[in-house]
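# Residue-level structural notes
Spelled out from the first residue to the last, the chains are:
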Amino acid sequence: MGVTSLPALAAPSPSPSAVSTLDRQLLTAAHQGNLWEIATSQQAQSAATTACVKRVSADFIRDHRALDAGVVKTAAQLGVTLPSGQTAAQLKQTAALKSRAGTPAYDAAWLKAQYPAHVQTLALIDKEIGSGTNPIVKSLAKSARPVVARHIQMVNHGVCHA
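Residues numbered from 1 in each chain as written. Predicted model: local features only at pLDDT ≥ 70, side-chain atom pairs only at ≥ 80, totals over all residues. Heavy atoms only, no water.

### Details of the layout of surface pockets
- In this structure, the largest pocket occupies an estimated 520 Å³ of space.
- Surrounding the largest pocket, 26 residues form its lining, Ala29, Ala30, Gly33, Ala117 and Thr121 being those nearest its centre.
- At the level of secondary structure, the elements contributing two or more residues to the lining of the largest pocket comprise α1 (21–47), α2 (51–78), α3 (88–98), α4 (104–131) and α5 (135–154). (1 Å grid on protein atoms, 1.4 Å probe; cavity = no way out; pocket = protein on both sides within 12 Å on 5 of 7 lines; lining within 4 Å. Points joined across faces, edges and corners; volume = space filled by probe spheres on them. Helix = DSSP H or I, 4+ residues; strand = E, 2+ residues; numbered from the N terminus.)

### As for the packing of aromatic side chains
- Inspection of every chain in the model, using the stated rule, returns one aromatic pair.
- Here phenylalanine 60 and tryptophan 110 contribute two aromatic rings whose centre-to-centre distance is 5.6 Å and whose plane-to-plane angle is 35°, an arrangement assigned as tilted. Remark: tryptophan 110 occurs in helix α4 and phenylalanine 60 occurs in helix α2; sequence separation between them is 50 residues. (Phe/Tyr/Trp six-rings, centres within 6.5 Å; stacked < 30°, edge-to-face > 60°.)

### Section: the side chain of serine 41
- Within the secondary structure layout, serine 41 lies in helix α1.
- Among residues more than four places away in sequence, those in contact with serine 41 are Ser57, Phe60, Ile61 and Trp110. (Contact = heavy atoms within 4.5 Å.)

### Looking at the packing of α3 against α4
- Between α3 and α4, the shortest axis-to-axis distance is 9 Å and the interhelical angle comes to 160°. Considering their axes alone, α3 and α4 lie roughly antiparallel with respect to each other. Across from Gln93, Leu97 and Lys98 in α3, the residues of α4 making contact are Tyr106, Ala109, Trp110 and Ala113.
- For the contact of α3 with α4, the class distribution of residues is five nonpolar, one polar and one charged. (Axes fitted to C-alpha atoms, helices over the stretch in contact; angles between N-to-C directions. Parallel < 35°, antiparallel > 145°, perpendicular 65-115°, else oblique. Nonpolar A, V, L, I, M, F, W, Y, C, P; charged D, E, K, R; others polar.)

### With respect to the pattern of salt bridges
- Per the stated rule, a full pass over the model turns up four salt bridges.
- Measuring nitrogen to oxygen at the nearest pair gives 3.0 Å for the salt bridge that ties arginine 62 to aspartate 63.
- For arginine 145, the salt bridge is made with aspartate 126, and the minimal N-O distance between the two is 2.6 Å. Residue arginine 145 is located in helix α5, and its partner aspartate 126 is located in helix α4; the two are separated by 19 residues in the primary sequence.
- Judged by relative accessible area, which is 30%, arginine 145 ranks as partly exposed.
- Sharing partners across several salt bridges, the network here consists of Asp59, Arg62, Asp63 and Arg150. (Salt bridge = Lys/Arg side-chain N within 4 Å of Asp/Glu carboxyl O. Buried < 20%, exposed > 50% of the residue type's maximum accessible area, 1.4 Å probe, protein only.)

### Focus: the side chain of glutamine 32
- Checked against the element boundaries, glutamine 32 lands in helix α1.
- A polar side-chain atom of glutamine 32 sits 3.0 Å from the main-chain carbonyl oxygen of glycine 85.
- Once residues lying within four places of it in the same chain are set aside, the contact partners of glutamine 32 are Pro83, Gly85, Gln86, Thr87 and Gln90. (Polar contact = N/O pair within 3.5 Å; in protein donor to acceptor, adjacent residues only side chain to side chain.)

### Points about the environment of lysine 138
- In this fold, lysine 138 is placed in helix α5.
- Along the sequence, lysine 138 and aspartate 126 sit twelve residues apart, while their C-alpha atoms lie 9.4 Å from each other.
- With residues up to four places along the chain from it excluded, the contact list for lysine 138 reads Glu128, Ile129, Gly130 and Gly132.
- Here glycine 132 takes part through its backbone oxygen, which lies 3.5 Å from a polar atom of the side chain of lysine 138.

As far as function goes, none of this settles anything; it's purely spatial.
Quick look at the structure:
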């Protein structure tokens, strides 16, 4: 008597509340990015030498606090555990910025750090909007997109635009 093979069962499609690896990646990266943005922007309030960087950093503090509140709420709602702090690379970058505090070099370094950070975040947001699976996370990404895009314009290629 031979072994009868059973037909393969189709994998169930993810439920609307399922959280994909990409969804988790966005929530984690957004949270750590927001923590870094808030920390470096608070630092800029006293360390920057130009009014433009001080104005832009004040906007970043306000906006990233609001964005992070949404990330934390969404993660809690979906049962996603977020890291408690910034990445080691972010902490190192914050310390490097602090070493230039009160000099014109600080403002240039702050702007040059902010630009690629926001560009990278926007790319992840766009990836989530296009390929994420959880509608709540996708909605969060869609609402964050114009804020991050505006921030890119404010620090466009390391030049301050308040």
